[in-house]
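Each chain is listed here by its residues.
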Amino acid sequence: MKFFLDTAVVDEIREGVSYGLVDGVTTNPSLIAKSGRDFREVIAEICTLVDGPISAEVVSTDAEGMLSEGRALAKIHDNIVVKVPMIAEGLKATRRFAAEGIKTNVTLIFSPSQALLAAKAGASFVSPFVGRLDDISHVGMGLVEEILDIFGNYDIDAEVIVASIRNPLHVVDAARMGAHIGTMPLGVMKQLMRHPLTDIGLQQFLKDWESVPKR
Ligand code: G3P
């Protein structure tokens, strides 16, 4: 399973990279706004930090607008993946991007039918938002399971990015289901490393080591 960081904050990306855990990065307009930086500039910098797919989202809501924004984004670096919203115009744009060899990540997916349509349009990645479904009392990971079932039935190549991850259990469930990618905040990536028994055990080892005679 690949791990992506869901952030546009370069210090967080540097930290994730230092653990050797970052296979790619996803951003969205809210995350770019949070970074407080110029969109193209921060995306270009992220491309220098991570050698993997870097999702940069369009903000147009018509296919022509998405195409012109996406083509410009794709010129920033070969690793750019154009993130497109799961609306009818987004599907039109996705098909044209695919014909031009530009990778897309169809985002804001909340149903299996949306994921199927995105894949049929030629998306390289589809992003079901699990945390936002959990927030409204739907089981987000249930959606991932359904998408993986459907994609498996037809050997669909599109990779499933489990997005809107809020906790380590989302990641573990995604891995058990065989999801290709989980995109997560740095905090969740760090939570995945920790276990209180590891800390207690290490403390004990270090304490006992003090009583070992040293030459
Ligand atoms: O990148 C999209 C997605 O991961 C957003 O997550 O926490 O805003 O629902 P969240």
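This text follows the structure it describes.
Residues numbered from 1 in each chain as written. Predicted model: local features only at pLDDT ≥ 70, side-chain atom pairs only at ≥ 80, totals over all residues. Heavy atoms only, no water.

1. Points about the site of the ligand
For step 1, the next point in the chain: All residues in the neighbourhood of the ligand are listed as Asp6, Asn28, Lys83, Phe129, Arg132, Ala163, Ser164 and Arg166.
For step 2, the next point in the chain: Between the ligand and Asp6 there is a distance of 2.5 Å, counted from an oxygen atom to a side-chain nitrogen or oxygen.
For step 3, the next point in the chain: Measuring from an oxygen atom of the ligand, one finds a side-chain N or O atom of Ser164 at 2.7 Å.
For step 4, the next point in the chain: When the free accessible area of the ligand is taken as 310 Å², the share hidden by the protein chains comes to 82%. (Near = heavy atom within 4 Å. Polar contact = N/O pair within 3.5 Å; in protein donor to acceptor, adjacent residues only side chain to side chain. Areas by Shrake-Rupley, 256 points an atom, 1.4 Å probe, with all protein chains shown as cover.)

2. Thoughts on the packing of aromatic side chains
For step 1, the next point in the chain: Within this structure, the stated rule accounts for 1 aromatic pair.
For step 2, the next point in the chain: Between the aromatic rings of Phe110 and Phe129, the centroid separation amounts to 5.6 Å while the plane-to-plane angle is 70 degrees, which identifies the pairing as edge-to-face. Of this pair, Phe110 sits in the loop between strand S5 (104-109) and helix H6 (112-121) while Phe129 sits in the loop between strand S6 (125-128) and helix H7 (130-135), and the two are 19 residues apart along the sequence.
For step 3, the next point in the chain: You can call Phe129 buried: its relative accessible area is 7%. (Phe/Tyr/Trp six-rings, centres within 6.5 Å; stacked < 30°, edge-to-face > 60°. Helix = DSSP H or I, 4+ residues; strand = E, 2+ residues; numbered from the N terminus. Buried < 20%, exposed > 50% of the residue type's maximum accessible area, 1.4 Å probe, protein only.)

3. Quick notes on the environment of Pro128
For step 1, the next point in the chain: If you trace the backbone, Pro128 turns up in strand S6.
For step 2, the next point in the chain: A relative accessible area of 0% means that Pro128 is categorised as buried.
For step 3, the next point in the chain: Sequence spacing of Pro128 and Phe110 is 18 residues, and the spatial spacing of their C-alpha atoms is 5.8 Å.
For step 4, the next point in the chain: Once residues lying within four places of it in the same chain are set aside, the contact partners of Pro128 are Ile109, Leu143, Val144, Ile147, Val160, Ile161, Val162 and Ala163. (Contact = heavy atoms within 4.5 Å.)

4. Overview of helix H1 (residues 10-18)
For step 1, the next point in the chain: Turning to H1, its buried residues number three or more, namely Val10, Ile13 and Gly16. Down the axis of H1, the buried side of the element spans an arc of 120 degrees, and every buried residue falls inside it. Seen from the open side of H1, the exposed residues pointing more than 90 degrees away from its buried face are Asp11 and Ser18.
For step 2, the next point in the chain: Packed against the buried residues of H1 are strand S1 (2-6), strand S2 (24-26), helix H3 (39-49) and helix H10 (186-191).
For step 3, the next point in the chain: Positive phi appears at Gly20, one or two residues downstream of H1, with a value of about 75 degrees. (Arc of directions from axis to C-beta.)

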